[in-house]
Amino acid sequence: MAEARDDGDFARFVRRSRPALRRTAFQLSQDWYEADDLVQRTLIALHRHWDTLEGRDRIGAYARRVMRRLFISDRRTMRWSREVLIGAVPETAFTADPYFLVSERMALIDALAGLGPRQRATLVLRFWEDRSVEDTARVMGNESSTVRSQTARALNALRQALDAPAADATGVDGTAATSDPDSNRI
């Protein structure tokens, strides 16, 4: 019977102190998932020695001390346990031109500037602000069918504007165009 009473005391302690322990664990780890794991491991460590613990009025402070020590121990072992040794050096990933995204963004801005104000507003409302067709129609004072047609026309115009530079850089057969007209002769 004594064991059931002790488990009841432990269960009451867990219900009472778990939220505070979780907040403390989050302050240590800055990650809610890791905090939950840390609280669980702390409670397991306390449960192992629950029958031998004295001073039940100071168990909260003891639990926080156990938690801190578990956290520090995790951080010390984490440096070594997460390293994976392999026999060969892995190949480096292909690194693209860092300015490629900037040039794409500038091309998109130029293409958007080429649209009419209503088409541009429709695209901004629909895709940048993530509004529905009905909400966009209400904001613009149009019908839903008008918003759908404006969206389709604007997207087509954007596709054509963004594909135009690629078509200029290649010839009709898809090969790169050169400035020397005689270079294509065989």
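Scroll up to find the structure this text is about.
Here is what the cut-offs are and how they apply
- Residues numbered from 1 in each chain as written.
- Predicted model: local features only at pLDDT ≥ 70, side-chain atom pairs only at ≥ 80, totals over all residues.
- Heavy atoms only, no water.
- Helix = DSSP H or I, 4+ residues; strand = E, 2+ residues; numbered from the N terminus.
- Buried < 20%, exposed > 50% of the residue type's maximum accessible area, 1.4 Å probe, protein only.
- Contact = heavy atoms within 4.5 Å.
- Areas by Shrake-Rupley, 256 points an atom, 1.4 Å probe, with all protein chains shown as cover.
- Patch = residues over 30% accessible without salt bridge, like charges linked within 9 Å, V, L, I, M, F, W, Y side chains within 5 Å.
- Salt bridge = Lys/Arg side-chain N within 4 Å of Asp/Glu carboxyl O.
- Lys, Arg positive; Asp, Glu negative; His and termini not counted.
- Charge placed at Lys NZ, Arg CZ, Asp CG, Glu CD.
- Core = buried A, V, L, I, M, F, W, Y, C linked by side-chain atoms within 4.5 Å.
- Phe/Tyr/Trp six-rings, centres within 6.5 Å; stacked < 30°, edge-to-face > 60°.
- Polar contact = N/O pair within 3.5 Å; in protein donor to acceptor, adjacent residues only side chain to side chain.

**Student:** Whenever I open this one, the overall build of the chain confuses me. Can you help?
**Tutor:** Looking only at helices and strands, the chain has seven helices and zero strands in total. Listing every helix and strand of the chain by position from the N terminus yields α-α-α-α-α-α-α. Looking at the 186 residues of the chain, the share that counts as buried comes to 22%. Restricting to contacts in the chain with at least 6 residues of sequence separation, those with at least 24 account for 55%. Looking at the chain as shown, the accessible area adds up to about 14,500 Å², and 55% of this sits on carbon and sulfur atoms.

**Student:** Can you help me understand a positive patch on the surface in this one?
**Tutor:** Together, Arg64, Arg65, Arg68 and Arg69 line one region of the surface with positive charge. Within the secondary structure, arginine 69 sits in helix H3 (residues 59–81). On the accessibility criterion, arginine 69 (58% relative accessible area) is exposed.

**Student:** For this particular structure, what's the right way to read the nonpolar core?
**Tutor:** Where a protein is soluble and globular, its nonpolar side chains tend to be buried together. Counting residues in each nonpolar core, the largest one holds 16 residues, and the members touching the most others are Phe10, Phe13, Leu43 and Leu46. If near-sequence neighbours (up to four positions away) are discounted, leucine 46 is found in contact with Phe10, Phe13, Leu53, Tyr62 and Ala63. Formed by five residues, the second largest nonpolar core is a distinct cluster that contains Ala111, Leu115, Ala154 and Leu158.

**Student:** Can you walk me through helix H6 (residues 133–140) in this structure?
**Tutor:** Because an α-helix packs 3.6 residues into every turn, residues spaced three or four apart end up facing the same way. Buried residues of H6: Val133, Asp135, Thr136, Ala137 and Met140, and no others. Positive backbone phi, approximately 75°, marks glycine 141, located one or two places after H6.

**Student:** What is the right way to look at the packing of aromatic side chains in this model?
**Tutor:** Describing an aromatic ring pair means giving the distance of the ring centres and the angle of the ring planes. Across all of its chains, the model carries four aromatic pairs by this definition. Here phenylalanine 10 and phenylalanine 13 contribute two aromatic rings whose centre-to-centre distance is 6.4 Å and whose plane-to-plane angle is 35°, an arrangement assigned as tilted. Taken as a pair, phenylalanine 10 and phenylalanine 13 lie in helix H1 (residues 2–29) at a separation of three residues, close to a single helical turn. For the pair phenylalanine 10 and phenylalanine 13, a shared accessibility class is recorded, and that class is buried.

**Student:** Is there a simple way to explain unusual backbone geometry in this structure?
**Tutor:** Both trends apply: most residues other than glycine have a negative phi, and most peptide bonds are in trans. The phi dihedral of glutamine 30 is positive, around 60°, even though this residue is not glycine. Positionally, glutamine 30 belongs in the loop between H1 and helix H2 (32–48). At aspartate 130, a residue that is not glycine, the phi angle is positive and equals roughly 55°. Among the secondary structure elements, aspartate 130 is positioned in the loop between helix H5 (117–128) and H6.

**Student:** Which parts of the structure should I look at to understand a nonpolar patch on the surface?
**Tutor:** A cluster of nonpolar residues, Tyr99, Val102 and Met106, forms a patch on the protein surface that exposes about 350 Å² of accessible area. In this structure, valine 102 sits in helix H4 (residues 100–113). A relative accessible area of 43% means that valine 102 is categorised as partly exposed.

**Student:** Just checking my understanding: could you explain the side chain of aspartate 74 for this structure?
**Tutor:** When you line up the elements, aspartate 74 lands in helix H3. A polar contact of 2.6 Å, which involves the side chain of aspartate 74, links it to the side chain of arginine 41. Apart from residues no more than four positions distant in its own chain, aspartate 74 is found in contact with Leu38 and Arg41.

**Student:** Where do I start with the pattern of salt bridges in this structure?
**Tutor:** Pairing between side chains of opposite charge can happen when the charged atoms of each approach one another. Under the counting rule described, the total for this entry stands at seven salt bridges. The closest approach of N and O atoms between aspartate 9 and arginine 12, which form a salt bridge, is 2.3 Å. Of this pair, aspartate 9 and arginine 12 both sit in helix H1, three residues apart, which is roughly one turn of the helix. A residue is classified by how much of its surface remains accessible, and arginine 12, at 44% relative accessible area, is partly exposed. Taking the shortest distance from any N to any O, the salt bridge between aspartate 74 and arginine 41 comes out at 2.6 Å. Separated by 33 residues along the polypeptide, aspartate 74 in helix H3 and arginine 41 in helix H2 bring together distant segments of the chain. Residue classification places arginine 41 among the partly exposed residues on the basis of a relative accessible area of 33%. Residues participating in the shared-partner salt-bridge network are Glu129, Arg131, Asp135 and Arg138.

Just geometry here; none of it tells us what the structure is for.
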